[in-house]
Amino acid sequence: MHKKNTASRSVLLIYTGGTIGMIENPETGALESFNFDHLLNYVPELKRFNYTIEIYQFNPPIDSSDMEPSDWAKLVEIISDNYDHFDGFVILHGTDTMSYTASALSFMLENLGKPVILTGSQLPIGMLRTDGKENLITAIEIAAAANPDGTPVVSEVCILFENSLMRGNRTTKVNAENFNAFRSYNFPILAHAGVHIKYETHLLRKPDLSRPMKPHYLLDANVVIFTLFPGIREEAVSAIFNAPGLRAVVMKTFGSGNAPQKEWLIRLLKEATKKNIIVINITQCLIGAVEMERYKTGHQLLSAGVISGYDSTPESAITKLMFLLAHGLPVDDIRKRMNSNIAGEITKE
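Quick notes on the rules
- Residues numbered from 1 in each chain as written.
- Predicted model: local features only at pLDDT ≥ 70, side-chain atom pairs only at ≥ 80, totals over all residues.
- Heavy atoms only, no water.
- Salt bridge = Lys/Arg side-chain N within 4 Å of Asp/Glu carboxyl O.
- Helix = DSSP H or I, 4+ residues; strand = E, 2+ residues; numbered from the N terminus.
- Buried < 20%, exposed > 50% of the residue type's maximum accessible area, 1.4 Å probe, protein only.
- Pairing = 2+ DSSP bridges.
- Axes fitted to C-alpha atoms, helices over the stretch in contact; angles between N-to-C directions.
- Contact = heavy atoms within 4.5 Å.

## So, the pattern of salt bridges
Piece 1. The final tally for this structure, using the stated rule, is 12 salt bridges.
Piece 2. As a salt-bridge pair, Arg233 and Glu235 come within 3.4 Å of each other at their nearest N and O atoms.
Piece 3. Between Glu345 and Lys320 there is a salt bridge; the shortest N-O distance is 2.6 Å. Residue Glu345 is found in the segment after α9 (331-338), and its partner Lys320 is found in helix α8 (residues 314-325); the two are separated by 25 residues along the sequence. Both residues of the pair, Glu345 and Lys320, belong to the buried class.
Piece 4. Through salt bridges with shared partners, one network takes in Glu234, Glu263 and Arg267.

Structure (structure tokens):
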């Protein structure tokens, strides 16, 4: 990568894969990846920016459903290696696992002092009605945006989609058909892109600029998510808790954190806690938080050693566990940190 041109803001565009970078094969009709070196041919509007824009392309591109923790580590390495040379970073990513990647990066890029904006599209950038062009242009503008003193307006990992800038670790993909594919149900939108980009500056994270950004590369994928439902069988839950190497479970419960009052369920949870398997309770509801003190069923879970996930998304809870488990921390320390707000991922009263 070349050092930035000090006469203008600079953005590193990282293409991992996904629909935004596809073009339609005129013979087969199939969608295929195109070479992002030809990006300006498809988005000539980028030439009107007075920015230095450089491109890093995954080779081969990754379908987001194939995204792995090792790919998150690669993204951290790219950002870390180029951190001093660019004012901001835009990651082009498939929508299916974008919220997982955004959540993971929010923990892996400790004390991030620059914008890392993930975006993509529901239609390929070569199509006439694509949402990719606007998403890309707006993401680059946000990644380059600076305050009067030269500091970045945004200094966190975000997703930009359909005119909304959202904290990455608060997002979930909710729509496979429409352009407004993502929602941030439990935290307000950070910026709205209309005629102007209106930032909600009081909501944006403020890094300690006296400290350097600290990249982390280790993740432990010995985790699982499972969802409670009426009629769930003991054999199925037992198989989950006895999976070889399992270190943590995200349990999606009913309402404000409630579970069936089954003797076997409480017994399995207590046994898991004794084996130092961490169990995090998050709600199946899209809006709201776990409050285990509210009902008797929640109290039972607390007594079994289950930890509240507050209003965490599943994507955030699972990647936060992967991150903490990989760093050799004592189990009690991990449990405390899961109850702490590390990167704006949970709301604690």
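## Examining the sheet that holds strand β12 (residues 191-193)
Piece 1. Within the open sheet, the 8 strands sit side by side as β4-β1-β5-β7-β8-β9-β12-β13. Their pairing is mixed. Each of the sheet's edge strands pairs with one partner strand only, and the pair in question is β4 (51-57) and β13 (197-199). Along the sheet, successive strands turn relative to each other by an average axial angle of 20 degrees, direction set aside.
Piece 2. Note: strand β1 (residues 9-15) against strand β5 (residues 88-92), 5 bridges, orientation parallel. Residue pairing in the sheet places Leu12 in a bridge with Phe89 of β5.
Piece 3. Across the face of the sheet, helix α2 (residues 69-81) comes into contact with β1, β4, β5 and β7 (116-119) while running at roughly 160 degrees to β1.

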